[in-house]
Amino acid sequence: MAHFDTEYQRLEASYSDSPPGEENLLMHVPEGAKSQWHHIENLDLFFQRVYNLHQKNGFTCMLLGEIFELVQLLFVVGFTVFLANCVDYDILFANKFVNHTDSSKVTLPDAFLPVDVCSARIRDNSFVIFVLIISGVFWLHRLVKFIYNVCCYWEIRSFYINALKMTMSELPYATWQEVQARIVEIQKEHQICIHKKELTELDIYHRILRFKNYMVAMVNKSLLPVRFRPPVLGECVFFTRGLKYNFELIFFWGPGSLFENEWSLKQEYKRGGNRLELADRLASRILWIGIANLLLCPVILVWQILYAFFSYTEVIKREPGSLGARCWSLYGRCYLRHFNELDHELMSRLSKGYKAASKYMNCFLSPLLTVVAKNVAFFAGSLLAVLIALTIYDEDVLAVEHVLSSITLLGVCITVCRSFIPDKHMVFCPEQLLRVILAHIHYMPDHWQGNAHRYETRDQFSQLFQYKAVFILEELISPVVTPIILIFCLRRKSLEIIDFFRNFTVEVVGVGDTCSFAQMDIRQHGHPAWMSEGKTEASIYQQAEDGKTELSLMHFAITNPQWQPPQETTHFISQLKERVHREATGASDTHPLSLSESEPRSLIANHLGGPSTLNSVHFGRDSSLTNNAAAGLSDGASALRSLSPISSSLHLRGSLSAAHRAGQTSAMSKAMASSGTDARTVSSGSSAWEGQLTSLVLSEYASTEMSIHALYMHELHKQQSRGELSRHTWHRQESDESSDSVPDEVRSEPNPHSRNFPRSHTFPTTVPSPSAIPTSASATSSTMLGQEGASSQSSTQRRYSGPATDSFGAGGKVVRSARVPMGGWAEDGQAAPRHHEPVPEESSEDEMPPHVHKIT
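Thresholds, definitions, all that
Counting restarts for each chain: residues are numbered from 1 in the order of the written sequence. Residues qualify for local features only when their pLDDT is at least 70, as the model is predicted, and side-chain atom pairs are given and counted only at 80 or more; totals for whole chains, interfaces and linings, by contrast, use all residues. Side-chain numbers come from the whole structure's heavy atoms, not from hydrogens or water. Runs of E in the DSSP output that reach at least two residues are strands. Runs of H or I that reach at least four are helices, and both are numbered from the N terminus. Only protein chains enter the accessibility calculation, which uses a 1.4 Å probe; a residue is then buried when its area is under 20% of its type maximum, exposed when over 50%, and partly exposed in between. Residues count as neighbours in contact if any of their non-hydrogen atoms are within 4.5 Å of one another. Exposure was quantified through the Shrake-Rupley algorithm and a 1.4 Å probe, taking into account, for residues, occlusion by the shown protein chains and nothing else. Just to be clear on terms, a salt bridge is a Lys or Arg side-chain nitrogen sitting within 4 Å of an Asp or Glu carboxyl oxygen. Throughout, disulfides are identified as pairs of cysteine sulfur atoms within 2.5 Å of each other. Pairs of strands are assigned from DSSP output, requiring at least two bridges between the strands. The axes are straight lines fitted to the C-alpha atoms, using for helices just the contacting stretch, and the angles between their N-to-C directions are given from 0 to 180°. By definition in this entry, angles of less than 35 degrees are roughly parallel, angles greater than 145 are roughly antiparallel, angles of 65 to 115 are roughly perpendicular, and the rest are oblique. Each helix crossing is assigned a hand: it is left-handed if the near helix lies turned anticlockwise from the far helix by less than a right angle, otherwise right-handed if that turn is clockwise. Remark: nonpolar core denotes a set of buried residues (Ala, Val, Leu, Ile, Met, Phe, Trp, Tyr, Cys) joined through side-chain atoms within 4.5 Å. Here a polar contact means two N or O atoms within 3.5 Å. Within protein one must be a hydrogen donor candidate and the other an acceptor candidate, and residues neighboring in sequence count only if both atoms are side-chain atoms. A patch consists of residues exposed above 30% relative accessible area that lack any salt bridge, with like charges linked at up to 9 Å and nonpolar side chains (Val, Leu, Ile, Met, Phe, Trp, Tyr) linked at up to 5 Å. Here the aromatic set is Phe, Tyr and Trp, taking the six-membered ring for Trp, and pairing holds for ring centres within 6.5 Å; pairs whose planes are under 30 degrees apart are stacked, those over 60 apart are edge-to-face, and all others are tilted. Remark: a charge is flagged as sitting over a ring if the NZ atom of Lys or the CZ atom of Arg is within 6 Å of the ring centre and within 35 degrees of the ring normal. Gly is placed with the polar residues, together with every amino acid not listed as nonpolar (Ala, Val, Leu, Ile, Met, Phe, Trp, Tyr, Cys and Pro) or charged (Asp, Glu, Lys and Arg).

Draft legend 1. Structural view of the overall build of the chain. Scanning the chain for helices and strands turns up 32 helices and 13 strands. The proportion of buried residues among the 856 residues of the chain is 48%. Relative to all contacts within the chain whose residues are 6 or more apart in sequence, the contacts with residues 24 or more apart total 76%. Summing over all exposed atoms, the chain offers an accessible surface of approximately 41,600 Å²; the carbon and sulfur share of this is 59%.

Given below as structure tokens:
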């Protein structure tokens, strides 16, 4: 197996998720006080079922859906075998005559073969027998799993009714935050988790999203998915449901996976001494799973084709243009997902950006293709008009062979052609549309901004927002491509995968082993270019890309206002909210020219240009918007409403009283915005309908609040990056003139942190200023990278990591490094090593369990 020098380095524990004084706490409850839900052993699975039952709208809906899935599987297999072996298509197509004694009309049962003939044809076909056996085993497995799930979800139903005091009829109308708040409350009474006296919202998210957070982190660090460069198509990302299933099977829950149970990484993967042996073992396991996928490829491929045929044929016939519609790709959903973001939160966010994303992609229709489509639609429409006119004149025209088929195909052709003809009233404004998209999806590479009109940006965005037809095609070819990716691509990354799980796994009391990125710790994984300057000790190896840590933290804090983060995190959140509030309220009092160069010039003014601006989808950058933005927070509140469909949700009842109540809610939102009060902490109305309406309004308010913060952070990041780039360019010009004789390989600098660190290919190629990396923080980080267990013994988290690499040469000289594929580093002029390098023996770590690093 080829060797890769990984960039993932050792991290120290940052803070405890437990309340003060409750570290290593084991609750003792008297026997008589124990409830049915005291000390649930597998809380991950329990909370996942609680969440799934809520998302599936109760036990009855979930049960009915499971039953229909079993029936659907039987129908697909049985109906396909029947069509292939029990139908006489010569009679059906009128190629063979049937003798009738009572009537000359041919009926549908006449085309069915007798039972004995049908069964004989099935027995003689070995492939059909093989498919039936595989399908029968799979269906029995699903049946056993269904019975087991019914028993488990019946217990979850009892938990909702008896512990949470929520009936199944109330569940579809309750938000997840309400369910979660009740779970946190009953922890004090039932002691669901005995390792902690109190549960937090972050504990519940960690248990539900433990494995998904790892996947999001691996996508963020460009470890997954696999990228290809076909000769004609350019760079492509292949990430399907079948491939994702294999990733999860290999990493998390399959036989021989890296985790020994739902909440604990295996001990051997927590040590760095045997990393090469573990990488070889993982590569071998990936090989065998790839071979298994290759052997099952014919069966899976047939199933994919049949399932797609039965699922999409009726939709295509009813709406031929549906294949021209777009959807968020699986890679896009993983790339755009925050750490600790539940499925319904992600889909709600992406759904709000769907219309703007569709309009943006429609801006790039080819003029040549438009001309061709218009003329093809004209000719097809002419033929269709004649056939319809003849059919109206005499219905016997339909009896002519292929007339009905021609009408159907011409209609499909016209519909497809219309999808390539742009709306004549459409205005080309890609930059404004991309800003609206950013308000909802929250993530966007820096080089997209200002280049929204370029086809390169459009092609990269299409990897996140692909055609529905492309999505279906990828799923169809997935059984063929998946074994190739596993055998020839993923195996080469086995060492990086081993290092990733060791270096970015942290043990939290009451939760277990979680991804360290999911802690959303600015100090450990923050990026100086994303408002974490002076607050983070993370090296370039440890920083999350694209501001993932900072944006995820803000999203979780806004979504869960009752969550109490650590002090450093609280300071970051409050500081950011204060800056946004100051920008929104002080735009009218401060002239743009009086702002310092380090501050954004009227950022919120540009984003909150007033309702008229936002309703016309213009997050403008014109100077006129800067002047109009001086209206203060009242315009900001109007902008919040125009970003979200709150106004439409306020008219659900359609009565004057509802309109009056909506006005009160709007006024309340304005007042809370001006006072800094979180809208979601206000109690709902007395009636159930008022409570549901208020929850909807406040949920939209929270979504819009996050959109404003995301736009502000991106704008601030863009201006900071521009300033640092210009300062770095001036510094390089000065240094180049004064140090021409210094070799490029080794160069001494007064401040080692002012060097141009190599950047990830997923992050902009700007260089942080010397102030972005404090000397003390860097020294602390270097100490942590170079020593095992160098911190004091008072934390309740454990960080598993391996040997670290020093970036500095002797005498304070900095060795320039060059980026190699997938995060490896090598000195300039040297190729990345392709073989295993000897690793220092770590007998103490192999013989003893990992150290517990504690910090007070």
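Draft legend 2. A look at the pattern of salt bridges. By the definition in use, this model includes 25 salt bridges. In this structure, lysine 96 and aspartate 88 form a salt bridge, with 2.8 Å as the shortest nitrogen-oxygen distance. The partner of arginine 458 in a salt bridge is aspartate 459, and the shortest N-O contact between them spans 3.4 Å. By relative accessible area, arginine 458 is classed as buried at 16%. In this structure aspartate 459 comes out as partly exposed when scored by relative accessible area, which is 39%.

Draft legend 3. Molecular detail of the state of the cysteines. Scanning the entire structure with this criterion turns up 1 disulfide. Paired through a disulfide, cysteine 86 and cysteine 118 show a sulfur-sulfur distance of 1.5 Å. Note that cysteine 86 is positioned in the loop between α2 (59-85) and α3 (89-92) and cysteine 118 in helix α4 (residues 115-124), a separation of 32 residues in sequence. By relative accessible area, cysteine 118 is classed as buried at 9%.

Draft legend 4. Fine view of the pairing of strand β8 (residues 512-515). Both strand β7 (residues 505-508) and β8 contribute to a ladder of 4 bridges, which runs antiparallel. By the bridge assignment for β8, valine 506 is matched with threonine 514. Two successive antiparallel strands, β7 and β8, enclose a turn made up of 3 residues, where glycine 510 displays a positive phi of approximately 80 degrees.

Draft legend 5. The arrangement of the packing of helix α15 (residues 367-393) against helix α16 (residues 403-418) in detail. Packing of α15 against α16 leaves a shortest axis separation of 9 Å and a crossing angle of 150 degrees. Comparing their axes, α16 and α15 come out roughly antiparallel. Between α15 and α16 lies a crossing of left-handed hand. Where α15 approaches α16, its residues Ala373, Val376, Ala377, Ala380, Gly381, Leu383, Leu384, Leu387 and Thr391 are matched on the opposing element by Ser406, Ile407, Leu410, Gly411, Cys413, Ile414 and Cys417.

Draft legend 6. Highlighting the nonpolar core. The biggest cluster of nonpolar side chains holds 131 residues, and the ones touching the most others in it are Phe159, Tyr160, Trp176, Phe461 and Phe501. Residue contributions to this core peak at 8 residues, all from helix α30 (residues 688-738). Discounting residues that sit within four places of it in the chain, tryptophan 176 has contacts with Val50, Tyr51, His54, Tyr160, Ile183, Ile204, Tyr205, Ile208, Leu342 and His344. Counting residues in hydrophobic clusters, the runner-up holds 8 residues, among them Leu384, Val403, Leu410 and Ile414.

Draft legend 7. Inspection of the side chain of threonine 240 at higher detail. Relative to the helices and strands, threonine 240 is located in the loop between β2 (236-237) and α9 (241-253). Only 2.8 Å separates the side chain of threonine 240 from the side chain of serine 478, close enough to count as a polar contact. When sequence neighbours within four positions are dropped, the list of residues in contact with threonine 240 reads Leu330, Glu474, Glu475, Ser478 and Thr482.

Draft legend 8. Examining a nonpolar patch on the surface more closely. A cluster of nonpolar side chains, Tyr89, Leu92, Phe93, Leu108 and Phe112, forms an exposed patch at the surface whose accessible area comes to about 500 Å². Note on placement: tyrosine 89 falls in helix α3.

Draft legend 9. Structural view of unusual backbone geometry. Proline 225 follows leucine 224 through a cis peptide bond whose omega is -10 degrees. In the Ramachandran plot, glutamine 191 falls in the positive-phi region, its phi being about 50 degrees despite a non-glycine side chain. By secondary structure assignment, the location of glutamine 191 is in the loop between α6 (176-190) and α7 (201-208). On the accessibility criterion, glutamine 191 (6% relative accessible area) is buried.

Draft legend 10. Molecular detail of the environment of isoleucine 67. As for its placement among the helices and strands, isoleucine 67 is situated in helix α2. Judged by relative accessible area, isoleucine 67 falls into the partly exposed class, the value being 36%.

Draft legend 11. Layout of the packing of aromatic side chains. All told, the structure shown has 41 aromatic pairs when counted by the stated rule. Here the aromatic rings of tyrosine 89 and phenylalanine 93 are separated by 6.0 Å at their centres, their planes lie at 35 degrees, and the arrangement is tilted. The exposure class of tyrosine 89 is partly exposed, given its relative accessible area of 34%. For phenylalanine 93, a relative accessible area of 56% corresponds to the exposed category. An angle of 50 degrees between the planes, with centres 5.8 Å apart, marks the rings of phenylalanine 251 and phenylalanine 501 as tilted. Taken as a pair, phenylalanine 251 in helix α9 and phenylalanine 501 in helix α20 (residues 494-503) lie far apart in primary sequence, 250 residues in all. Residue classification places phenylalanine 501 among the buried positions, given a relative accessible area of 0%. Between the NZ or CZ atom of lysine 548 and the centre of the ring of tyrosine 443, over which it lies, the distance is 4.1 Å.

Draft legend 12. Just the environment of glutamine 432, in detail. Positionally, glutamine 432 belongs in helix α17 (residues 430-441). Measuring from C-alpha to C-alpha, the distance between glutamine 432 and tyrosine 360 comes to 9.2 Å, with 72 residues separating the pair along the chain.

Draft legend 13. Layout of helix α14 (residues 354-362). Here α14 has its buried residues at Ala356, Ala357, Ser358, Tyr360 and Met361. Structurally, α14 contributes buried residues whose contacts are with β5 (326-328), α17, α18 (455-464) and β6 (465-467).

Draft legend 14. Expanded view of the side chain of lysine 221. Tracing the sequence through the fold places lysine 221 in the loop between α8 (210-220) and β1 (227-228). By relative accessible area, which is 4% here, lysine 221 ends up buried. A distance of 3.2 Å separates a polar atom in the side chain of lysine 221 from the backbone oxygen of tyrosine 541.

Draft legend 15. Up close: the packing of α4 against helix α5 (residues 126-163). In the contact formed by α4 and α5, the axes pass within 5 Å of each other and the chain directions differ by 85 degrees. Comparing the axis directions of α4 and α5 gives the class roughly perpendicular. Here Ile122, Arg123 and Asp124 of α4 come into contact with α5, specifically with Ser126, Val128, Ile129 and Leu132. Along the lines of polarity and charge, the residues of the contact of α4 with α5 split into 4 nonpolar, 1 polar and 2 charged.

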